Amino acid sequence: ELTQSLFLDMFGDPVTNPKRWEKIKLGSLHKISSGGTPSRKNPEYYDNGSIPWVKTGELKGLYANEPKELITEEALNNSSAKMFPVDTLLIAMYGATIGACSILNFEAATNQACAALLPSDNINVLFEYYFFNEFKNELIKMGVGGAQPNISAGLLKNLNIYYPPLDLQLQFAERVQAIETQKAKAQESLAKAEDLFNSLMQKAFKGELT
């Protein structure tokens, strides 16, 4: 609801207010790739690994969580896994987390279930994260398959999307970040108030209030 209201406030609708939007193929904005899974049969690909290896389960917010598994240089050199830079946008292409997206704020490799939209000077990654997060369900509906649809890198490359000008993308990202900061502070204050209330209740029941 937050991002949707900001979209309407800043950009209007792409149909009724087309001057603020540009229709363009996603593949013309980004190099789009995906990762891979080194063979589990080879322990040298995982033992004492130092390379973060992100899977779709780590795509749970604005920034990807630090992965639970690390792989080795040998694994990277002998599989379809590849390194992606900071500010790559990752999108889960299938499975229970399909449509989830997060930004990399550390260099990492990924498995094949993650589509990687590499950084581009033509689009703001924060805007794009909120864009895909807001329209996640529409993206899933475009997937192919039965009960568990799949999104492919090819589908993403050919996806025609409306984008506003870059300066408005930056303004949007700044406004959302400011609101998210305020929300985090409010949640922290609420948590402290709840802790204080619980402490007072415990003291009251124990007869310790002065």
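The notes below deal with the structure included here. Fair warning: this is a prediction, and the values are worked out from it, not measured in the lab. (Residues numbered from 1 in each chain as written. Predicted model: local features only at pLDDT ≥ 70, side-chain atom pairs only at ≥ 80, totals over all residues. Heavy atoms only, no water.)

### Considerations on the nonpolar core
Part 1 of the reasoning: Grouped together as the largest cluster of nonpolar side chains are 30 residues, with contacts concentrated most on Leu26, Leu89, Ile91, Leu117, Phe132, Leu156 and Tyr163.
Part 2 of the reasoning: No other element matches helix α4 (residues 125–134), which puts seven residues into this core.
Part 3 of the reasoning: Formed by 13 residues, the second largest nonpolar core is a distinct cluster that contains Phe84, Ala92, Ala108 and Cys114. (Core = buried A, V, L, I, M, F, W, Y, C linked by side-chain atoms within 4.5 Å. Buried < 20%, exposed > 50% of the residue type's maximum accessible area, 1.4 Å probe, protein only. Helix = DSSP H or I, 4+ residues; strand = E, 2+ residues; numbered from the N terminus.)

### Quick look at α4
Part 1 of the reasoning: Counting buried residues along α4, eight of its 10 residues qualify, which places the element largely inside the surrounding structure.
Part 2 of the reasoning: Buried residues of α4: Val125, Leu126, Phe127, Glu128, Tyr129, Tyr130, Phe131 and Phe132, and no others.

### Considering helix α7 (residues 166–206)
Part 1 of the reasoning: With 41 residues, α7 extends 60 Å from end C-alpha to end C-alpha; this agrees with the ideal 60 Å at 1.5 Å per step.
Part 2 of the reasoning: Within α7, the full set of buried residues consists of Leu168, Gln169, Phe172, Ala173 and Val176. (Expected span 1.5 Å × (residues − 1).)

### Topic: the pairing of strand β10 (residues 160–163)
Part 1 of the reasoning: Side chains Ile161 and Tyr163 of β10 all project onto a buried face; the interleaved residues Asn160 and Tyr162 project onto a face where none is buried.
Part 2 of the reasoning: Relative to β10, strand β1 (residues 22–25) runs antiparallel, the two sharing four bridges. Residue Glu22 lies in a different strand from β10, and its bridge partner there is Tyr163. (Pairing = 2+ DSSP bridges.)

### Some details on the pattern of salt bridges
Part 1 of the reasoning: Counted by the stated rule, this structure contains three salt bridges.
Part 2 of the reasoning: We note a salt bridge from Glu69 to Arg40, for which the minimum N-O separation is 2.7 Å. Of this pair, Glu69 sits in the loop between β3 (51–54) and β4 (70–71) while Arg40 sits in the loop between β2 (32–34) and β3, and the two are 29 residues apart along the sequence.
Part 3 of the reasoning: Salt bridges sharing partners connect three or more residues here, namely Arg40, Lys55 and Glu69. (Salt bridge = Lys/Arg side-chain N within 4 Å of Asp/Glu carboxyl O.)

### Overview of the sheet that holds strand β6 (residues 89–92)
Part 1 of the reasoning: Ordered by their spatial adjacency, four strands build an open sheet running β2-β9-β6-β7, and the pairing between neighbours is antiparallel. Only two strands of the sheet have a single neighbouring strand rather than two, namely β2 and β7 (101–103). Within the sheet, the average angular offset between the axes of one strand and its neighbour, ignoring direction, is 25 degrees.
Part 2 of the reasoning: The pairing of β6 with strand β9 (residues 114–117) spans four bridges and is antiparallel. By the bridge assignment, Leu89 is partnered in β9 with Leu117.
Part 3 of the reasoning: The strands touched by α4 are β6, β7 and β9; relative to β7, the strand with the most contacts, the crossing angle is about 170 degrees. (Axes fitted to C-alpha atoms, helices over the stretch in contact; angles between N-to-C directions. Contact = heavy atoms within 4.5 Å.)

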